[in-house]
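Descriptive structure summary
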Amino acid sequence: ILSEINCHKIEWSLPKKSRLSIVISTKDKYFLLKKCIDSIFDLTEIKNHQIIIVDNNSEDIDTLKYLNKLNSEPSTFDISVIPFKEKFNFSKINNLACQKSYGDSILLLNNDVEFKSKSWDIELLSNSLRKGIGCVGIKLFYPNNYIQHAGVVLGLSDFAGYSHKDYKKNENGYECRIQISQEYLSLTGACLALSKQNWERLNGLNSKNLQINYNDLDLCLRCYELGLRNIYNPFVEAIHHESSTRGNLKSYVLIPDGYVAQ
């Protein structure tokens, strides 16, 4: 397929009956979680993915009602809500959920991400199941349409930073890199897909030493150490709602965006 910027987009084949296990950690903030879930329902091509929601001590009544509704009402998606009563540990939460996953690929997803691309699931599945591919990330932008994430660059801002942060989402950026699929050493865990096989090879996230931050960067670097390539896919777009409220974050985000810090 020839894109508007005169670059080719490759559509990879997808094994039949492939499914995603979508893992969402949440606490309260019903209005964000509902936007996230609604976008999954509305814009997926495959309508029977597994959705695992991990509730870390929600107290808001609207949130609890919504979680109960998701857990009890019939759906073509396999939806389950599991409790996590311990102190917030982003790595442990996701590792717990992934023990219950059975999809061909796992998608780690923040509760404040709202998909805007149709068939985003096909893109993430087909790329994450490719031989030699580790993690697959997407184009994330703030509600004002400015880029939050288009890949993570190591060494930027003294440690690591987001590529093309605060560019307009439809700008091309340096050598059109905002709009072209490419390799990065690391990607944000706010929306990150990888095959279940590779997740198990890596033993998930580091819940002992990286409980809150840098666990996504560590996961991507461990993929690289195994000879796997991490891919930024700009053809999947999503709004990242909450991170725009965290102030002037010039370098790598220290708290998983969208999750209520405790």
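The coordinates are above.
Residues numbered from 1 in each chain as written. Predicted model: local features only at pLDDT ≥ 70, side-chain atom pairs only at ≥ 80, totals over all residues. Heavy atoms only, no water.

Moving on, we come to the overall build of the chain. Broken down by element type, the chain carries six helices and 12 strands. The C-alpha radius of gyration of the chain comes to 17 Å, within 12% of the 18 Å expected for a compact globule of 262 residues. Based on the C-alpha atoms only, the size of the chain along its principal axes is roughly 50 × 45 × 35 Å. Classification of the 262 residues of the chain by burial places 54% in the buried group. Pairs at least 24 apart in sequence give 77% of the contacts found in the chain among residues at least 6 apart. Each charge class in the chain was averaged separately, 31 positive and 30 negative side chains, and the resulting centres sit 3 Å apart. (Helix = DSSP H or I, 4+ residues; strand = E, 2+ residues; numbered from the N terminus. Rg over C-alpha atoms; globule rule 2.2 N^0.38 Å. Buried < 20%, exposed > 50% of the residue type's maximum accessible area, 1.4 Å probe, protein only. Contact = heavy atoms within 4.5 Å. Lys, Arg positive; Asp, Glu negative; His and termini not counted. Charge placed at Lys NZ, Arg CZ, Asp CG, Glu CD.)

For the rest of this paragraph, the subject is the pairing of strand β4 (residues 105-110). Summarising burial for β4: six of the six residues are buried, a large majority. Judged by which residues are buried, β4 turns out to be covered on both faces: S105, L107 and L109 on one side and I106, L108 and N110 on the other are all buried. Across six bridges, the pairing between strand β1 (residues 20-26) and β4 is parallel. In the sheet register, S25 faces β4, and the bridge partner there is N110. (Pairing = 2+ DSSP bridges.)

Each full turn of the α-helix corresponds to 3.6 residues, which orients residues three or four apart in the same direction. Given a rise of 1.5 Å per residue, 12 residues ought to cover 16 Å, and the 16 Å separating the end C-alpha atoms of helix α2 (residues 61-72) matches this to within 8%. Of all the residues in α2, the buried ones are T63, Y66, L67 and L70. Seen end-on, α2 carries its buried residues on one side only, within an arc spanning 100°. Facing away from the buried surface of α2 by more than 90 degrees, the exposed residues are I61, K65, N68 and S72. Where the residues of α2 are buried, they touch α1 (30-43), β2 (50-55) and β3 (78-83). Measuring from the backbone nitrogen of D62 back to the side-chain oxygen at the start of α2 gives 3.3 Å, which picks out D60 as the cap. (Expected span 1.5 Å × (residues − 1). Arc of directions from axis to C-beta. Polar contact = N/O pair within 3.5 Å; in protein donor to acceptor, adjacent residues only side chain to side chain.)

With that settled, the discussion passes to the pattern of salt bridges. Proximity of charged atoms lets side chains of opposite charge pair with each other. Counting across every chain of the model gives 11 salt bridges. Through salt bridges with shared partners, a single network forms among K9, E11 and E123. (Salt bridge = Lys/Arg side-chain N within 4 Å of Asp/Glu carboxyl O.)

Relative orientation of the contacting elements α1 and α2 amounts to 25°, with a least axis distance of 9 Å. Considered as vectors, α1 and α2 are oriented roughly parallel to each other. Contact with α1, carried on its side by Y30, L33, K34, I37, D38 and F41, involves D62, T63, Y66, L67 and L70 of α2 and no other residues of that element. Taken together, the residues that form the contact of α1 with α2 break down as seven nonpolar, one polar and three charged. (Axes fitted to C-alpha atoms, helices over the stretch in contact; angles between N-to-C directions. Parallel < 35°, antiparallel > 145°, perpendicular 65-115°, else oblique. Nonpolar A, V, L, I, M, F, W, Y, C, P; charged D, E, K, R; others polar.)

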